[in-house]
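Results of the structural survey
In case you want the letters, here they are:
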Amino acid sequence: MTGVTYIVTVYNKRPYLPHMLASLKNQAGDIPCQYVFVDDGSTDGSSDFIEEQTAGWGDVQIVRQANQGPAIALNTGIDAARQPYILLVDGDDVLSPHATRLLTDWADRLGCGVIHGDGTWCDDFQRLEFGAYPDDSQINPRVINLRHTVKFSHCGSTGVLLRTDAVRRAGACDDRVFIQEHSLFLRMANTTQIVRINPLPSFAPRHVTGRIMDNTDAGNPTLPVQTLHDRMLALALFIGDNPGLAPVYRSIAFKNCATDFWKWLCRYDAQSPTLVPLGMLWAARLRYGLKNFDMPGLNESGLIGRMAATMRQLTPIRLTDRGREILSAPALGTPA
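What comes next is a walk through the structure. Everything numeric in this text was worked out from a predicted model, so none of it was measured. (Residues numbered from 1 in each chain as written. Predicted model: local features only at pLDDT ≥ 70, side-chain atom pairs only at ≥ 80, totals over all residues. Heavy atoms only, no water.)

Some remarks on the sheet that holds strand β1 (residues 4-10)
- The strand order across the open sheet built from 8 strands is β3-β2-β1-β4-β9-β6-β10-β8, with neighbouring strands paired in mixed fashion. Strands at the two margins of the open sheet, each flanked by one partner only, are β3 (60-65) and β8 (142-144). Each strand of the sheet is rotated relative to its neighbour by a mean of 20°, with strand direction disregarded.
- With 3 bridges connecting them, β8 and strand β10 (residues 194-197) associate as antiparallel partners. Residue I144 lies in a different strand from β10, and its bridge partner there is I194.
- In the packing of helix α2 (residues 46-53) onto the sheet, the strands contacted are β1, β2 (33-40) and β3, and the crossing angle to β3 comes to about 170°. (Pairing = 2+ DSSP bridges. Helix = DSSP H or I, 4+ residues; strand = E, 2+ residues; numbered from the N terminus. Axes fitted to C-alpha atoms, helices over the stretch in contact; angles between N-to-C directions. Contact = heavy atoms within 4.5 Å.)

Rendered as structure tokens:
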């Protein structure tokens, strides 16, 4: 059997840990396991509870570190992984009993670097019912290429299986971006094959206090400020790090970010000049019309970075230490 390292990142998730830990303990299949729990500066006793509950589990490592955000926490776990596969788990989520066996079986069959199924919300873990192990006709594997990843991004970590060597080769998460998923999936899509399957390997509580994706300055969960900002910053840095990237990817990123940025400004009634963002929106649409051609002199990375900088100017945004360092660069630090 192929071994798996479960990486669980935790920040003040004490109320949700019993269900999460039970789902790890109840994974089906005789698979060699390593458990790496990264407590990212919790103040609610999360790591002490994990240590108590996992006594006797075997290969368990609990890393306690100062709060630095989920991207750096996940990188800490990746550095500690010793098994061929890594299965990501958020501290408040639950894996289905068949998740590990299902994902590793299909990863071996397909030879992909990443495989995942979509998670879903759950209102009551006590009443959660899991189906039987799915047969092949229910899997429906689809390749998620770099164009799809740039266009639609990715949110959610639980139930994502990574080949350990592939994620390290890709550079893991960008430690200049606070949230982990955006940069991780961009880097993986650029270096290996990502496959999505139909079954639901993970479940998340619908309402969690302090969830990053609900971080909005108006309390509106449909407009997650931190998520929007980090997607823009991840794309800006990814484009800047890959100067040979085909123009189609740069044009898609510019158009989508300019559209989201304009919508965000309008919905929040932000006190910001409208002509520059509107000009960016139209420039991005024109650029998309010529998406298969290079446009010398147009710096998509810098323009996207300036949108993110404006968001930071208008509303509180969490940054990593390395993120703060690079924001002094004109291409990424000047508000629009």
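Digging into the packing of helix α1 (residues 17-25) against α2
- Viewed as axis vectors pointing N to C, α1 and α2 meet at an angle of 35°, and their least axial separation amounts to 11 Å. Crossing handedness for the pair α1 and α2: right-handed. Facing L17, P18 and L21 of α1, the residues of α2 in contact are S46, F49, I50 and Q53.
- Residue composition of the contact of α1 with α2, by class: 5 nonpolar, 2 polar and no charged. (Left-handed = near helix turned anticlockwise from the far one by under 90°. Nonpolar A, V, L, I, M, F, W, Y, C, P; charged D, E, K, R; others polar.)

Considering the environment of T315
- Looking at where T315 falls in the secondary structure, it is placed in the loop between α11 (300-314) and α12 (321-326).
- When the C-alpha atoms of T315 and Q226 are compared, they prove to be 9.5 Å apart, with 89 residues separating the residues in sequence.

Quick word on unusual backbone geometry
- You will see that N12, though not glycine, has its phi angle at about 50°, which is positive.
- Following the sequence through the fold, N12 ends up in the loop between β1 and α1.
- A residue is classified by how much of its surface remains accessible, and N12, at 25% relative accessible area, is partly exposed.
- The residue A172 is not glycine, and still its phi comes out positive at about 55°.
- Mapping A172 onto the fold places it in the loop between α6 (164-170) and α7 (181-191). (Buried < 20%, exposed > 50% of the residue type's maximum accessible area, 1.4 Å probe, protein only.)

Some remarks on the nonpolar core
- In terms of nonpolar packing, the biggest core is built from 57 residues, with L162 and M188 touching the most fellow members.
- The element contributing the most residues to this core is helix α8 (residues 225-241), with 10 residues.
- The residues touching L162, leaving out its near neighbours within four places in the chain, are P84, Y85, I86, L88, G113, V114, V167, L184 and M188.
- V10, L21, F49 and Y85 belong to the second-largest nonpolar core, a separate cluster that totals 29 residues. (Core = buried A, V, L, I, M, F, W, Y, C linked by side-chain atoms within 4.5 Å.)

Digging into α8
- Taking 1.5 Å as the rise per residue, α8 with 17 residues should run 24 Å; its terminal C-alpha atoms sit 24 Å apart, in good agreement.
- Judged by how many residues are buried, α8 sits mostly within the fold: 15 of 17 residues are covered. (Expected span 1.5 Å × (residues − 1).)

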